[in-house]
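Each chain, written out:
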Amino acid sequence: MSDRLNVLKTYKLYVGGKFPRSESGRVYEVTDAKGKWLANAPLASRKDARDAVVAARKAFGGWSGATAYNRGQILYRVAEMLEGRRDQYVREVAEAEGLSKAKAGEQVDAAIDRWVWYAGWTDKIAQVVGGGNPVAGPFFNLSSPEPTGVVAVLAPRKSSFLGLVSVIAPVIATGNTAVVVASETSPLPALSLGEVLATSDLPGGVVNILSGRTAEIAAPLAAHQDVNAIDLAGADEALAKELEIAAADNLKRVLRPQPVDNWAATSGTDRMTAFLETKTVWHPTGSLGASGSAY
Amino acid sequence: MRTGLYSRYARRYARLVTMPTTAPNALSDVTASDSTLRRFLHGLPGVDAVGLEARAASLGTRSIKTTAKAYAIDLAISMVDLTTLEGADTPGKVRALGAKAVRPDPTDRTTPATAAVCVYPDMVATAKEAVAGSAVKVASVATAFPAGRAPIAVKLADVREAVAAGADEIDMVIDRGAFLAGNYMKVYDEITAVKEACGTSARLKVIFETGELSTYDNIRRASWLGMLAGADFIKTSTGKVAVNATPANTLLMLEAVRDFRAQTGVQVGVKPAGGIRTSKDAVKFLVLVNETAGEDWLDNHWFRFGASSLLNDLLMQRQKLATGRYSGPDYVTVD
Amino acid sequence: MAPVFEYAPAPESRSIVDIAPSYGLFIDGEFAEAADGKAFKTVSPSTEEVLSEVAEATEADVDRAVKAARAAFEKWSALPGSERAKYLFRIARIIQERSRELAVLETLDNGKPIRETRDADLPLVAAHFFYYAGWADKLDHAGYGADPRPLGVAGQVIPWNFPLLMLAWKIAPALATGNTVVLKPAETTPLSALFFADICRQAGLPKGVVNILTGDGRAGAALIAHPDVNKVAFTGSTAVGKEIARTVAGTRKKVTLELGGKGANIVFDDAPIDQAVEGIVNGIFFNQGQVCCAGSRLLVQESVQDELLDSLKRRLSTLRLGDPLDKNTDIGAINSAEQLARITKLADLGEAEGAERWSPACELPENGYWFAPTLFTNVTQAHTVARDEIFGPVLSVLTFRTPDEAVAKANNTPYGLSAGIWTEKGSRILAVANKLRAGVIWSNTFNKFDPTSPFGGYKESGFGREGGRHGLEAYLDV
């Protein structure tokens, strides 16, 4: 070890493609699993949450309108960028979750692979959950999945990185934009993820990451009239119920917390379909000619 | 007089809306050149086939009962252009047809006469004699009916002969080939020439042969083209092709005459022909007229059925309404 | 001038339906009085005649019905899918056999024209059961994994606008997937659900698989809140939908909500105008506009506004309002005095806010609940009639200049259920359909339904889909 003094990182929020401090000017101490100080994290406020929603809404049109192929390439690019910074995340995850280097490495590898999994889904999900409907009449009828809009995501409390990636990637793969509340106790891998997203061609605002007191940030998000859905993965039972009640005000789609023991397990499509709408478009057929099919 | 018979629930709404009427020459620029005519016809609103057919089918579910049915059957009889257009037509056949047109049901003198008899030009004189003294008109197909594939001079001669023989009405066919080739001005010019040949004595019915025009968009364009050229009636078909009058194509033509009058003030009649064989069908067509063009067209001056076997079915239905028992083919005349 | 072609009355015969003077609750295969013996009357909205008296379910009745459904669940869900399928096919066939009777009944209890119950409601009801019957033994292939499991007891609350059709939308997929059902029909239209109970008996459906509770909102609330209900399905107002979402918060109950709408029907200058007029009429006057997916906002391109409105007004003048049992009636009665009051209030508000009101000359019957077809022009997005769901025969007309503006205005609502697009330009249809935030988009048509076609809304129009393969998900533990 040299006696050179480390340059410490100032962890910041990631909102609208930028790295602002909390508008509140407040931070809170983040410690490792043993209680050792790691860094100060921004203590995001209601206003930060509001700004993040604005950014996410602004990004929604472009991101949902991008081709699925394009979204797939960008998600894959995130995996590429993470792979290059693997060591950093292994260290951060090890510190955050009190894991050995090897165990943390497994988590990070699985998280990178998860981006690859969802990168491949972007241009397939519509074929799996959408399709033509054989209606009894002279009509062409097609159902397609569409992103529901701005999704508030409460990242899992314990799995600070693999869990985080497992809830963000499916939301944005289908064209939603996200306001993510990082694990309250282990927010640093999440805040660092912003740095990778910012350099992966992901348009600013598609993912916005906030750190702070989950209950404090989540309440305005659950009640926000311009948020379309909420993933309660990181809420405990009492908070989840309270947020679900608040979410009813504009009938947000609510993904309730589910017992997930092992985020490394293969994902299905559930976390994507939870935030998809089905749009069905009808059009008459039968214009071949007045002397044709109809009589 | 009838109002009292009907439930106040089923009363139709009064007609509040009057369409704006512009001067008759409002469309005169349209026919100034081939390109203006084409632009105009292609600028007409499109027709969604499924929607049009659905509307026609929906009007077909109207339930016309008792007094309304009696009214409709008499009206339909009065609108029949009783037709014979066979290579085997003889003077005897035409005379019989004329007699039937004048007195459709010899057993019931209250039965209205039909609107007209419709024959080939060489039979006009015979037909004229057969209906002499009645209000029944003589209509003659002309212009090398049904194909229309003859030089214009021949077509016009055909028309003049028929008119000279006393035809009150001329049923011409348009040049579908020219229409489908996009040569609208040629079609227009032919119609105006035929109209001129009709003189002031004969009303002109323009047959589109809708089955050959094939698309509803074409039928709408042909309707406007015919009306712009001076048709007194627009008529679906010759009865000589696979698809003739249908509720949908007739509905479309009724929309055209309705809109044409709204724009120009000129009223044009409609004649579905071919394929209408039963009273039930005829009543459905009258419902189309009533609810699309409106009651102004519910008169044989403005609406006709080109048909032959339809008349007997109407007569049998009429007898059923009068006697309460079903009639049979032996109780109507076969001519 | 020719004499007017007046259509003589053509009433559908009422004698085909035999309505009992009173009905009980249908629990565990038997009709029974409410626990406290209370009952309420159901009237014909077109005449205010009392049709029958039905039991008013209490919380205790809800509990009894849920217990019956729970008890039936084990056997029903364990039946081979092919056997469940056959029960549903039987039901579909019996509905077809009895469709005339059911159509007349529905028209009497709801007030909608026989033309609609005969040509729309009943055929769709039978088709829905027939469609989902076929799924019962094919769930492995539905895309929800191998051997997807049912949820358990489904508590279902349905509205009065399509009583039997909404019942079909709820019960058919629930039974096909192996759930058992407690269904509460709307307070003002309980009869067809009770007749359906009889159809279940005719079909030999095991006791307790379908339970029907008549009653008011309290019974519905009790059903939804019942701790042993695993699945909640509701069709109705957005306000009640939100209340339900709060009620089930923090539970494991799966929820689907089909709520209100303020559908935009967008007419471009190149629309097939005659069909567009029919689509507009069908969009807002079908079922007296008491349709969640009604095209209640007409967005017309300013350049064709006059032409379109002239045609529309002329067409409205031919609508026939009156006796719903008359086969020639286009516009029937409003379902209840309460609903009529709401429509009246909102229409008056439209006038007070400065929108221009127009109705065809129209004589309303003396008895019953009636509202003339109504058009509001000079409406802007700021008017209440352009924002609130009226759920009646009231059309608000707004204009737009460009496709962008049409989309922006169409989406400018908390609702997102339906929309219509009228243009002959294919690429515009696809572009606009792509941008509209609504679950069902009808291009060059409107108000078309089919059992294979998923239906449901974005935003405050609810969540989940009914119909098609998508409709299975709501009743499976996936």
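Everything numeric in this text was worked out from a predicted model, so none of it was measured. (Residues numbered from 1 in each chain as written. Chains lettered and ligands numbered in written order. Predicted model: local features only at pLDDT ≥ 70, side-chain atom pairs only at ≥ 80, totals over all residues. Heavy atoms only, no water.)

Asker: Go over helix H3 (residues 86–97) of chain A, please, and point to the residues and values.
Answerer: Residue and element names in this part refer to chain A. Over its 12 residues, H3 runs 16 Å from end to end, which matches the ideal 16 Å to within 8%, given 1.5 Å per residue. Among all positions in H3, only Gln88, Tyr89, Val90, Glu92, Val93, Ala94 and Ala96 are buried. Check the buried side of H3 and you find it contacts helix H2 (68–84), helix H4 (101–121) and helix H7 (188–198). Following H3 by one or two positions, glycine 98 adopts a phi angle in the positive range, close to 65°. (Helix = DSSP H or I, 4+ residues; strand = E, 2+ residues; numbered from the N terminus. Expected span 1.5 Å × (residues − 1). Buried < 20%, exposed > 50% of the residue type's maximum accessible area, 1.4 Å probe, protein only. Contact = heavy atoms within 4.5 Å.)

Asker: Describe the sheet that holds strand S8 (residues 229–231) of chain A, listing the residues and the values that go with them.
Answerer: Residue and element names in this part refer to chain A. Sheet architecture is open: five strands sit in the order S7-S6-S5-S8-S9, paired in parallel fashion. Each edge of the open sheet is held by one strand with a lone partner, namely strand S7 (207–210) and strand S9 (253–255). Averaged over neighbouring strand pairs, the angle between their axes works out to 15° when direction is ignored. (Pairing = 2+ DSSP bridges. Axes fitted to C-alpha atoms, helices over the stretch in contact; angles between N-to-C directions.)

Asker: With reference to specific residues and values, describe empty space enclosed by the protein.
Answerer: Residues and elements named next belong to chain C. Summed over all chains, the structure comprises five cavities of 30 Å³ or more. Counted as a void, the largest cavity has a volume near 120 Å³. Lining the largest cavity are 17 residues, and of these Phe162, Leu165, Met166, Trp169 and Phe449 lie nearest its centre. If you list the elements that add at least two residues to the lining of the largest cavity, you get helix H4 (114–135) and helix H5 (163–176). Partitioned by chemical class, the residues of the lining of the largest cavity number 12 nonpolar, two polar and three charged. There are two domains that each give the lining of the largest cavity at least three residues, and those are domain 1 (14–259 + 458–473) and domain 2 (264–443). (1 Å grid on protein atoms, 1.4 Å probe; cavity = no way out; pocket = protein on both sides within 12 Å on 5 of 7 lines; lining within 4 Å. Points joined across faces, edges and corners; volume = space filled by probe spheres on them. Nonpolar A, V, L, I, M, F, W, Y, C, P; charged D, E, K, R; others polar. Domains from an automatic or database assignment.)

Asker: Tell me about helix H1 (residues 46–65) of chain A, and name the residues and values.
Answerer: Residue and element names in this part refer to chain A. Along its 20 residues, H1 runs 29 Å from first to last C-alpha, staying within 8% of the 28 Å computed at 1.5 Å per residue. At alanine 59, H1 is deflected by roughly 40°, the largest bend along its length. Taken as a whole, H1 has its buried residues at Asp48, Ala49, Ala52, Val53, Ala55, Ala56, Ala59, Phe60 and Trp63. Capping of H1 at its N-terminal end is provided by serine 45; its side-chain oxygen lies 3.2 Å from the backbone amide nitrogen of lysine 47. (Bend = angle between axes of the 7 residues up to and from the residue. Polar contact = N/O pair within 3.5 Å; in protein donor to acceptor, adjacent residues only side chain to side chain.)

Asker: Kindly report on the pairing of strand S9 (residues 231–235) of chain C, identifying the contributing residues and their values.
Answerer: Residue and element names in this part refer to chain C. Extensive coverage of S9 is indicated by the burial of five of its five residues. Residues of S9 alternate between two faces, with Lys231, Ala233 and Thr235 on one and Val232 and Phe234 on the opposite face, all of them buried. Sheet topology places strand S6 (residues 153–157) next to S9; four bridges connect them, and they run parallel. If you follow alanine 154 over to S9, its bridge partner there is lysine 231. Once you follow S9 into helix H8 (residues 238–248) and on to strand S10 (residues 254–258), the crossover reads as right-handed. (Right-handed = clockwise from strand over helix to strand, strands pointing away.)

Asker: Go over the interface of chain C and chain B with me, naming the residues and quoting the values.
Answerer: Contacts between the two partners involve 46 residues from chain C and, on the opposite side, 45 residues from chain B. Carbon and sulfur atoms supply 53% of the area that chain C and chain B bury against each other, a total of about 4300 Å² over both sides. Taken together, chain C and chain B are joined by four salt bridges. Among the elements of the structure, H4, helix H9 (273–285) and helix H10 (305–316) of chain C are those that each provide at least two residues to the side of chain C that touches chain B. Here the side of chain C that touches chain B takes five residues from H10(C), the largest share from any one element. A class-by-class count of the residues in the side of chain C that touches chain B yields 21 nonpolar, seven polar and 18 charged. (Buried area = accessible area lost by both parts, 1.4 Å probe. Salt bridge = Lys/Arg side-chain N within 4 Å of Asp/Glu carboxyl O.)

Treat this as a map of the structure, not an account of what it does.
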